[in-house]
Amino acid sequence: MSKITRLFILILFSLLTLPVFSEDIPEDVSVVYFSKEISAKSILKIYQKIKGNVKGEKIGIKVHFGEDGNQTFLNPELIEPLTKQLNATLVETNVLYGGKRKTTDSHIKLAKEHGFTFAPIDILDSEGETTYKAKEKLKYFSEVKVGTHLDKYDTIIIYSHFKGHGSAGFGGAIKNVSMGFAPASGKLQMNTAFVPNYDPEKCIECGLCLLDCPENAISIKPVVVDTKKCIGCGSCISFCPAKVFTVPDKNERHSIFLEKLVEYAKVIQENKNMVYINVLANITAYCDCMKMTDKPFLPDIGILASTDIVAIEKASHDLVNKECKCDDAFLKENQVSGYRQIEYAAELKMGNIKYKLVDIDKD
Ligand code: SF4
Ligand code: SF4
């Protein structure tokens, strides 16, 4: 037997004797843990499955305290034992619109009135905002704005109430990260900004846009809007005498809004270690920002946890649809689909859209 043949047999033997892990999960599949039991005990148990990804000493738990008058936000008792066990801080940011959650003092007061009295509360943008840079150029953002206090935390547990939302279709982990960490100015960038459509053929070369666009985002001959500079203020739609600029249609604007949410979440994910817990209880058509108590349109489903933001959102969406016996429960209930959030997050490689659901109640 020649040396080469002996070497070949040796390599082949080594390969054949390598351990085979029949339970191995392919790289493009992420594990999402599930428990039907919605309780503090169940949250503690499911956390054990993802705690390997929780790094450092300083842990924040991103919660939503519920708007004044709302009663369908997640019961604080659910998260109390885990918060105490981790010596964690409850974190949030102030909202863009009016109400008690707009300013730090009244926000914290409302949180306490709603039962969040068992841990320190940190309003992340109470002392200003900072920017996180994107690792690669995105469609809308090269950097995002977050509350300065976010820098203080090694890991954030994104604890989300998965339910409907009037403009995003649904609110889960992606929205809890994007809107949840942005100061008012960042929220505004996501909420109102949209790049106008334009027809260069109509331009009469008056030059007004070169003077009036606040971001110098427009060039002419031919007309081009620099999407990286445009803040979507919409001024050009009114000042252009030749009606070159128009509002994108409703569906297009909706899709842009969802994609902006996702891009914010992606840049934050690149800069901050996070793990995710979604609670599928009190599944209402509208969110906990509503100053009213909406009636759930589905029965409670359970708790999910994962280290993958795309997988947990897809699994949550699938479970809601299964309960609804429909393709898109939120589209059916509030006429707004949020699915583009999941689809675009997968396109941006924020995680795997394929998942394996592991039922921890069988442990
Ligand atoms: S304001 Fe309108 S018409 Fe005037 S240069 Fe700009 S795009 Fe053309
Ligand atoms: S929407 Fe505002 S920022 Fe964007 S191109 Fe028009 S005027 Fe400029």
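Residues numbered from 1 in each chain as written. Chains lettered and ligands numbered in written order. Predicted model: local features only at pLDDT ≥ 70, side-chain atom pairs only at ≥ 80, totals over all residues. Heavy atoms only, no water.

> Could you clarify how one ought to interpret the packing of aromatic side chains in this entry?
Two descriptors summarise a pair of aromatic rings, namely the distance from one centre to the other and the angle between the planes of the rings. Enumeration according to the criterion identifies 9 aromatic pairs in this entry. With a centroid separation of 5.0 Å and 35° between ring planes, the pair formed by phenylalanine 162 and phenylalanine 170 is classed as tilted. The class for phenylalanine 162 is buried, based on a relative accessible area of 0%. A relative accessible area of 0% means that phenylalanine 170 is categorised as buried. Aromatic side chains phenylalanine 170 and phenylalanine 330 sit 5.9 Å apart centroid to centroid with 35° between the ring planes, which places their arrangement in the tilted category. Taken together, the residues span a long stretch of sequence, with phenylalanine 170 in strand β9 (residues 169-171) and phenylalanine 330 in helix α11 (residues 329-334) at a distance of 160 residues. (Phe/Tyr/Trp six-rings, centres within 6.5 Å; stacked < 30°, edge-to-face > 60°. Buried < 20%, exposed > 50% of the residue type's maximum accessible area, 1.4 Å probe, protein only. Helix = DSSP H or I, 4+ residues; strand = E, 2+ residues; numbered from the N terminus.)

> I'm lost on the nonpolar core in this one. Help?
A general trend in soluble globular proteins is that nonpolar side chains are found buried together. Core analysis: the biggest nonpolar cluster contains 59 residues, and Val177, Phe181, Ile268 and Val320 have the highest contact counts within it. For valine 320, the residues in contact, after removing those within four places along its chain, are Phe162, Leu280, Ile283, Leu298, Ile301, Ala329 and Phe330. Residues Ile61, Phe65, Ala88 and Ile157 belong to the second largest nonpolar core, which totals 33 residues. (Core = buried A, V, L, I, M, F, W, Y, C linked by side-chain atoms within 4.5 Å. Contact = heavy atoms within 4.5 Å.)

> Before we go on, may I ask you to explain the state of the cysteines in this structure?
Each disulfide consists of a covalent bond between the sulfur atoms of two cysteine residues. Throughout the structure, instances matching the rule amount to 1 disulfide. Across a sulfur-sulfur distance of 2.0 Å, cysteine 324 and cysteine 326 are joined as a disulfide pair. With the S-S bond torsion at 115°, the cross-link from cysteine 324 to cysteine 326 turns out right-handed. Accessibility assignment for this pair places cysteine 324 and cysteine 326 in one class, buried. Considering cysteine sulfurs only, cysteine 287 is the nearest to cysteine 289, which forms no disulfide, with 3.4 Å between them. (Disulfide = S-S within 2.5 Å.)

> I tried to follow the site of ligand 1 on my own but got confused; where do I start?
Residues in close proximity to ligand 1 total 14 residues, the closest being Cys203, Cys206, Gly207, Cys209 and Cys240. Grouping the constituent residues of the shell around ligand 1 by class yields 12 nonpolar, 1 polar and 1 charged. (Near = heavy atom within 4 Å. Nonpolar A, V, L, I, M, F, W, Y, C, P; charged D, E, K, R; others polar.)

> Before we go on, may I ask you to explain the pattern of salt bridges in this structure?
It is possible for side chains of opposite charge to pair when their charged atoms get near one another. Enumeration over the complete set of coordinates arrives at 15 salt bridges. Lysine 100 is the partner of aspartate 68 in a salt bridge, and the nearest nitrogen-oxygen pair spans 3.2 Å. Residue aspartate 68 is located in the loop between β2 (59-62) and α3 (76-85), and its partner lysine 100 is located in the loop between β3 (89-92) and α4 (104-113); the two are separated by 32 residues in the primary sequence. For lysine 100, a relative accessible area of 34% puts it in the partly exposed group. (Salt bridge = Lys/Arg side-chain N within 4 Å of Asp/Glu carboxyl O.)

> So what exactly am I meant to see when it comes to the packing of helix α2 (residues 40-50) against α3 here?
Close contact between α2 and α3 brings their axes to 7 Å; oriented N to C, the two are set at 45°. When the axes of α2 and α3 are compared, the pair comes out oblique. For the crossing formed where α2 meets α3, the hand is right-handed. Of the residues in α3, those in contact with Ala40, Ile43, Leu44, Tyr47 and Gln48 of α2 are Glu77, Leu78, Ile79, Pro81, Leu82 and Gln85. Counted by class, the contact of α2 with α3 contains 8 nonpolar, 2 polar and 1 charged residues. (Axes fitted to C-alpha atoms, helices over the stretch in contact; angles between N-to-C directions. Parallel < 35°, antiparallel > 145°, perpendicular 65-115°, else oblique. Left-handed = near helix turned anticlockwise from the far one by under 90°.)

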